[in-house]
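Below, each chain spelled out in residue letters.
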Amino acid sequence: MSKTIRIGTRDSELALYQAKAVQSQLEHLGHKTILVPVKSTGDLVLDKPLYELGITGIFTRTLDIAMLNGDIDIAVHSLKDVPTVLPKGIIQAAVLKRGNVRDTLLFKNNEEFLSSKEAIIATGSLRRRAQWLNRYPTHTVVDIRGNVNTRLQKLEDSDWNGAIFAAAGIGRLDLRPEDAVNLEWMVPAPAQGAIMIAAMEDDEETQTILAEINHQETQICTSIEREFLNKLEGGCTAPIGGLAYIKDEEVNFEGILLSKDGTKKIHVKRVKALGEHHDIAEWCADYILDRGGNRLMDQLKESYVKTNVYSTKSLTKDQGFLFNEKVKAESSDFVKISLNRIHPRFLKNEIKNVIITSQNAVEALLTNYSAVELQFKNIYCVGRRTKKMIEKRIGNVIHAEKNAKKLAEYLVEFMEGTEVTYFCSDIRLDELPTILEENNITVKEVEAYQTKLDSVKLPETVEGVMFYSPSTVQSFKKENTVEDNTIAFCIGETTAKEASKHFRDVRIAKVPTVESVIELVNEYYV
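Residues numbered from 1 in each chain as written. Predicted model: local features only at pLDDT ≥ 70, side-chain atom pairs only at ≥ 80, totals over all residues. Heavy atoms only, no water.

## Quick look at the state of the cysteines
Evaluated as defined, the whole model comprises 0 disulfides. Note on Cys 221: no disulfide assigned, nearest cysteine sulfur contributed by Cys 284 at a separation of 13 Å. (Disulfide = S-S within 2.5 Å.)

## Describing helix α4 (residues 126-135)
Taken residue by residue, α4 has Arg 127, Arg 128, Ala 130, Gln 131, Trp 132 and Leu 133 as its buried positions. Close packing links the buried residues of α4 with β5 (103-107), β6 (120-122), β7 (140-142), β8 (162-166), β11 (240-247) and β12 (250-258). (Buried < 20%, exposed > 50% of the residue type's maximum accessible area, 1.4 Å probe, protein only. Helix = DSSP H or I, 4+ residues; strand = E, 2+ residues; numbered from the N terminus. Contact = heavy atoms within 4.5 Å.)

## Thoughts on the sheet that holds β11
Spatially, 3 strands are ordered β11-β12-β13 in an open sheet, and the strand pairing comes out antiparallel. At either margin of the open sheet sits one strand with a lone partner, and together these are β11 and β13 (265-273). Each strand of the sheet is rotated relative to its neighbour by a mean of 10 degrees, with strand direction disregarded. The pairing of β12 with β13 spans 9 bridges and is classified as antiparallel. What sits directly across from Leu 257, in β13, is Ile 266. Against the sheet, helix α8 (residues 216-233) touches β11 and β12, its axis set at about 150 degrees to β11. Lying over the sheet, helix α9 (residues 280-304) contacts β12 and β13, oriented at roughly 170 degrees with respect to β13. (Pairing = 2+ DSSP bridges. Axes fitted to C-alpha atoms, helices over the stretch in contact; angles between N-to-C directions.)

## Some remarks on the pattern of salt bridges
In total, this model carries 20 salt bridges according to the counting rule given. Residue Arg 98 pairs with Glu 225 through a salt bridge whose shortest N-O separation is 2.7 Å. Separated by 127 residues along the polypeptide, Arg 98 in the loop between β4 (90-95) and β5 and Glu 225 in helix α8 bring together distant segments of the chain. Bridged by salt links that share partners, the residues Lys 3, Arg 6 and Asp 73 form one connected network. (Salt bridge = Lys/Arg side-chain N within 4 Å of Asp/Glu carboxyl O.)

## A word on the pairing of strand β20 (residues 419-425)
Along β20, 6 of the 7 residues are buried, which leaves the element largely enclosed by surrounding structure. Here 3 bridges tie strand β17 (residues 351-356) to β20, and the two strands are oriented parallel to one another. Looking across to β20, one finds that Ile 356 is bridged to Phe 423. Examined bridge by bridge, β20 and strand β21 (residues 442-453) share 7 bridges and lie parallel to one another. What sits directly across from Ser 425, in β21, is Tyr 449.

## Here we look at the side chain of Arg 102
Structurally, the position occupied by Arg 102 is in the loop between β4 and β5. Arg 102 sits in the buried class, given a relative accessible area of 15%. Here Glu 184 takes part through its side chain, which lies 3.2 Å from a polar atom of the side chain of Arg 102. Once residues lying within four places of it in the same chain are set aside, the contact partners of Arg 102 are Phe 165, Ala 166, Ala 167, Asn 182, Leu 183, Glu 184, Met 186, Pro 188, Gln 192 and Leu 243. (Polar contact = N/O pair within 3.5 Å; in protein donor to acceptor, adjacent residues only side chain to side chain.)

## Description of the sheet that holds strand β18 (residues 376-382)
Strand pairing in a sheet relies on backbone hydrogen bonds, with the paired strands running either antiparallel or parallel. Taken in spatial order, the 6 strands make up an open sheet running β16-β21-β20-β17-β18-β19, and their pairing is mixed. Two strands bound the open sheet, and with one partner strand each, they are β16 (335-339) and β19 (399-401). Between one strand and the next, the sheet's axes are offset by a mean angle of 25 degrees, whatever the strand orientation. Both β18 and β19 contribute to a ladder of 3 bridges, which runs parallel. Bridge assignment links Tyr 380 to a residue of β19, and that residue is His 399. Across the face of the sheet, helix α11 (residues 359-368) comes into contact with β16, β17, β18, β20 and β21 while running at roughly 25 degrees to β16. On top of the sheet, helix α14 (residues 431-438) reaches β17, β20 and β21; it is set at about 170 degrees to β21, its chief contact.

## Considering the packing of α8 against α9
Where α8 contacts α9, the axes come no closer than 8 Å and their chain directions differ by 35 degrees. Considering only the axes of α8 and α9, their crossing is right-handed. When α8 is examined against α9, the residues Ile 224, Glu 227, Phe 228, Lys 231, Leu 232 and Glu 233 are found in contact with a partner set consisting of Ile 280, Ala 281, Glu 282, Cys 284, Ala 285, Ile 288, Leu 289, Met 297 and Lys 301. Taken together, the residues that form the contact of α8 with α9 break down as 10 nonpolar, no polar and 5 charged. (Left-handed = near helix turned anticlockwise from the far one by under 90°. Nonpolar A, V, L, I, M, F, W, Y, C, P; charged D, E, K, R; others polar.)

## A closer look at unusual backbone geometry
A positive phi is found at Asp 248, a non-glycine position, where the angle reads about 50 degrees. In this structure, Asp 248 sits in the loop between β11 and β12. If you check the backbone angles, Glu 249 has positive phi at about 60 degrees while not being a glycine. Among the secondary structure elements, Glu 249 is positioned in the loop between β11 and β12. By relative accessible area, which is 57% here, Glu 249 ends up exposed.

Such coordinate-based values are descriptive only and should not be taken to indicate function.
As structure tokens, this is what we get:
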């Protein structure tokens, strides 16, 4: 080949080592080469978005773009970091003979902690974390990031008992300490220990050269492992291990899928004659999926979906199932209710007119007294469910409205007498009593329960918040700021009025029920 082969590589110490290994083999065959470290994608220009080209790998993206731009001829990668589906126009052209495939435990002092109930192990790998916790469920696993040298220094400076590394990485950099042990029981990442060279699909001349350094046995084994990974993961990062090796003209394969916390594990082993092994990855993947792997993968995929809607009232399991597939909702009670003791003096005589605006007030009354003791002649309420609860447990409701303002307007026109008893919370809107008193109706307020605001800080990914009362809006504001594009999904007009003080986009459910608010959310996320 007359031209010089430009070898693209990331500029980390390990990446440069791998690129130099490729360079050495190519130059040994008489080819001219040059290393081209590529640091950032910031200055690289593409005619198409990354997703249209299928560029996804966090560790390979920079080199993919450089190759597509014509800045390099080949790219050198750790094969375990390469997505199982390569970008359009790029192919795997060769793999070098694989190094140590195992994970290695580097420990401090001694190995006695392995038999202890408590120990701290560091790893940035979801697969290693899950397998360690499966074997040592009482241990603590902490996250560790950075290049090999950085991670080694973090281990040295920490109070951790040990950290897990790829044996190939620390071996290639000649950094493997004496107090290190290969974890033979831990199934490695698919293609761990292998160096892969990518080239352009239409560059046949370069592909011919790279075929000279391709190691066939490594190619067979890593292809099986990556096919197994591809059939399991479906685009989701998951704790998956896979290892294939050839012995006595037989292909041996071991695969594993775990839950993120290591409590669930599905394991498979299979042996096929070399040459008859072409279905081994598919068979093993199907074996795992058929034995609970499908369900486990669904759970893993769900765990990676970012919460985009938050309910300020805890939702039941059945209510959670009502959201469509585009909604990932979380919930908690932003308002905590404490029922008060209602003094007998308020109920010693029959009360002609009673207002109840929430189910909490009903619960408070029935916690203090039996239905027989509640001598109410005319009961007026807010909300369909409150009405249903009152009629089921106390007595007939004369009239109900969707919100407090409409109920007040009705009472001004149709209520018998000029006095009403209002069982309410310590936090309530002024609208109802104000309208009544302005129209010469005396309002006798009885504090039936207390409302305590108990907000939480919401994830930054939340785009919509579900509100069920003005108090839930007030509670939300205690811990959260409102972004311009955040939507308030409200159960009714009174709640929406409070939300409109803070939100630009306020939407109101057709019916004042939790299910109707969920329907409102689903209509937005069609």
